[in-house]
Amino acid sequence: MKILIIGNGGREHALAWKAAQSPLADIVFVAPGNAGTFLEPGVQNVDISSTDINSLVNFALKEKIDLTIIGPEKPIIMGIVDKFRDVGLNIFGPTKSASQIESSKFFCKKFLSRHNISSANYKYFTEIKPAISYINTIPLPIVIKADGITGGKGVIISTNIKEAENIVKNMIQGNLFGDAGKRIIIEEFLYGEEVSFIVMVDGKNILPLATSQDYKRIGNNDTGLNTGGMGSRSPALLVTAKIYQNIMDLIIYPTIFGMLLEDNMYTGFLYAGIIINELGQPQVIEFNCRLGDPETQSLMIRLKSDIVDLCFAGCNKTLSKKFINWDNRYALSLVLTSKGYPSYYINDEKIYGLPKKSFSHSKIFHAGTSLNGNQFITNGGRVLCITTIDRNTKMLQKRAYKIAKSIYWKNIYYRNDIGYC
Ligand code: AMP
Ligand code: GLY
């Protein structure tokens, strides 16, 4: 089979690495990929941007691609799945309409309410005055969310009424998040620990992946700005069998069957960001219409089943016939970034010390990297992701940081507290 993976991050490198191991795969293309996918055996980069949908369709038709797997949300939200299906190509992901579960927070909140799925109480605003009145009636901290897509930046949590009022003004009247921020959700703050619960869906059948968690904040001890994720681990130990069943019964089944009932069938990966409160009850923070990054890296190193076979079954509506096998060891991923991320940072720095040999227990996935001749250089905020697997969580952490210390570029930054503790 010919496989096409769309995207250029660590998540896509992990997917390509895993897909290339499939006995079903003759070749794995990644569009556009990065320096890591360029060097990966059995994988070939294609110089097409992940949002250039017409070129991707033409490439897939010309190459007779058997299966396409999408990494990032943007092409999904733009409607890549509809376009591929229109010309008879197999692609594993949700339609543009189903992806509203991520692309519009208001769509998502209304859907959750209609189906009695637990989430933070909220109100929707397009005008400043009623939004400010509402802020003055709810307890601090206050969560303000842009309705539209902001690349993960559109959520601000404020512990100060005046600050919250200013944020609202800057979003609705100013240009804080462009058009995405002209419509806002204000919601109550949920207390608890966050887990990532990702499932594969073929419309009707659901196959849950192993549980995982990411580290969202830029600084040690979960401080500072929200990021795409500074590290991840799998499994999420907090999710006991009972909590797992509750997540399936109270969140995942009602969501997938709710979409089906509303004639908006969901296919693809569905990522539920879930808060588990002190009573062990799960509540939805958000949905993503794709896999998580860097959760995918920790999941792919644990996955013993064939990702190509699974995604193909997802396209052909035969997921009910599949099981997923996981390595029962723990996985940890540590993300190395360019200092300044998630705000301003410098690209084009030379990366030194990348291990030449491969490890049996670890894999360095590339994200923001490119090659200048034989020299790896930085090309993004999140640059590399060290992913490792072990029975012993202490060893996992020790090993990830040992590898990290051997790698260097001028403005390298990573958290020092990623791991099980
Ligand atoms: P979102 O883009 O909706 O996932 O929000 C980004 C991050 O903000 C989440 O991963 C949470 O860590 C945090 N967050 C969002 N909504 C809430 C909430 N209602 N209560 C507490 N934390 C939240
Ligand atoms: N790691 C969070 C996300 O992929 O959205």
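Residues numbered from 1 in each chain as written. Chains lettered and ligands numbered in written order. Predicted model: local features only at pLDDT ≥ 70, side-chain atom pairs only at ≥ 80, totals over all residues. Heavy atoms only, no water.

Draft legend 1. Quick look at the state of the cysteines. A complete count under the given rule lists zero disulfides for this structure. There is no disulfide at Cys 311, and the cysteine sulfur nearest it, in Cys 315, is 7.1 Å away. With a relative accessible area of 0%, Cys 311 lands in the buried category. Cys 315 sits in the buried class, given a relative accessible area of 17%. (Disulfide = S-S within 2.5 Å. Buried < 20%, exposed > 50% of the residue type's maximum accessible area, 1.4 Å probe, protein only.)

Draft legend 2. Structural context of the packing of aromatic side chains. For the structure shown, the criterion picks out eleven aromatic pairs. Their ring planes at 75° and their centres at 5.3 Å tell us that Trp 17 and Phe 365 sit as a pair that is edge-to-face. Of this pair, Trp 17 sits in helix H1 (residues 10–20) while Phe 365 sits in strand S19 (residues 362–366), and the two are 348 residues apart along the sequence. The class of Phe 365 is buried, set by a relative accessible area of 0%. Here the aromatic rings of Phe 189 and Tyr 191 are separated by 4.7 Å at their centres, their planes lie at 70°, and the arrangement is edge-to-face. (Phe/Tyr/Trp six-rings, centres within 6.5 Å; stacked < 30°, edge-to-face > 60°. Helix = DSSP H or I, 4+ residues; strand = E, 2+ residues; numbered from the N terminus.)

Draft legend 3. Structural detail: the site of ligand 2. Taken together, Asp 214, Lys 216, Gly 228, Tyr 271, Asn 288, Arg 290, Gly 292, Asp 293, Pro 294 and Glu 295 make up all the residues around ligand 2. Here a nitrogen atom of ligand 2 sits 2.8 Å away from a polar atom, N or O, in the main chain of Gly 228. Contact between ligand 2 and Glu 295: a nitrogen atom at 2.9 Å from a side-chain N or O atom of the residue. When isolated, ligand 2 has an accessible area of 200 Å², and the protein chains bury 90% of it. Grouping the amino acids of the shell around ligand 2 by side-chain chemistry returns two nonpolar, three polar and five charged. (Near = heavy atom within 4 Å. Polar contact = N/O pair within 3.5 Å; in protein donor to acceptor, adjacent residues only side chain to side chain. Areas by Shrake-Rupley, 256 points an atom, 1.4 Å probe, with all protein chains shown as cover. Nonpolar A, V, L, I, M, F, W, Y, C, P; charged D, E, K, R; others polar.)

Draft legend 4. Molecular detail of the packing of helix H8 (residues 128–135) against helix H9 (residues 161–172). Between H8 and H9, the least distance of the axes is 10 Å, while the angle of their chain directions is 160°. Comparing their axes, H9 and H8 come out roughly antiparallel. In the crossing of H8 with H9, the sense of the turn from one axis to the other is right-handed. Across the interface between the two elements, Ile 128, Ala 131, Ile 132 and Ile 135 from H8 touch Ile 161, Ala 164, Glu 165, Val 168, Lys 169 and Ile 172 from H9. (Axes fitted to C-alpha atoms, helices over the stretch in contact; angles between N-to-C directions. Parallel < 35°, antiparallel > 145°, perpendicular 65-115°, else oblique. Left-handed = near helix turned anticlockwise from the far one by under 90°. Contact = heavy atoms within 4.5 Å.)

Draft legend 5. View of the environment of Pro 254. Along the chain, the position of Pro 254 falls in helix H10 (residues 241–261). Contact partners of Pro 254, with chain neighbours within four places excluded, come to Phe 111, His 115, Ile 117, Met 248 and Asp 249.

Draft legend 6. Seen up close, the pattern of salt bridges. In total, this model carries 19 salt bridges according to the counting rule given. Across the salt bridge formed by Glu 40 and Lys 363, the nearest N and O atoms sit 3.0 Å from each other. With a gap of 323 residues between them, Glu 40 in the loop between helix H2 (35–39) and strand S3 (43–45) and Lys 363 in strand S19 connect regions that are remote in the sequence. Here Glu 40 and Lys 363 have matching classes, each one buried. Between Arg 114 and Glu 262 there is a salt bridge; the shortest N-O distance is 2.8 Å. With Arg 114 in helix H7 (residues 105–114) and Glu 262 in the loop between H10 and strand S16 (267–276), this residue pair connects regions lying 148 residues apart in the sequence. (Salt bridge = Lys/Arg side-chain N within 4 Å of Asp/Glu carboxyl O.)

Draft legend 7. Examining the packing of H1 against helix H11 (residues 295–302) more closely. Two elements in contact, H1 and H11, have axes whose closest approach is 8 Å; the angle formed by their N-to-C orientations is 15°. In terms of orientation, H1 lies roughly parallel with respect to H11. Our pair here, H1 against H11, has a crossing hand that is left-handed. The residues of H11 that touch H1, namely those facing Gly 10, Arg 11, Ala 14, Leu 15, Trp 17 and Lys 18, are Thr 296, Gln 297, Met 300 and Ile 301. Considering only residue class, the contact of H1 with H11 consists of five nonpolar, three polar and two charged.

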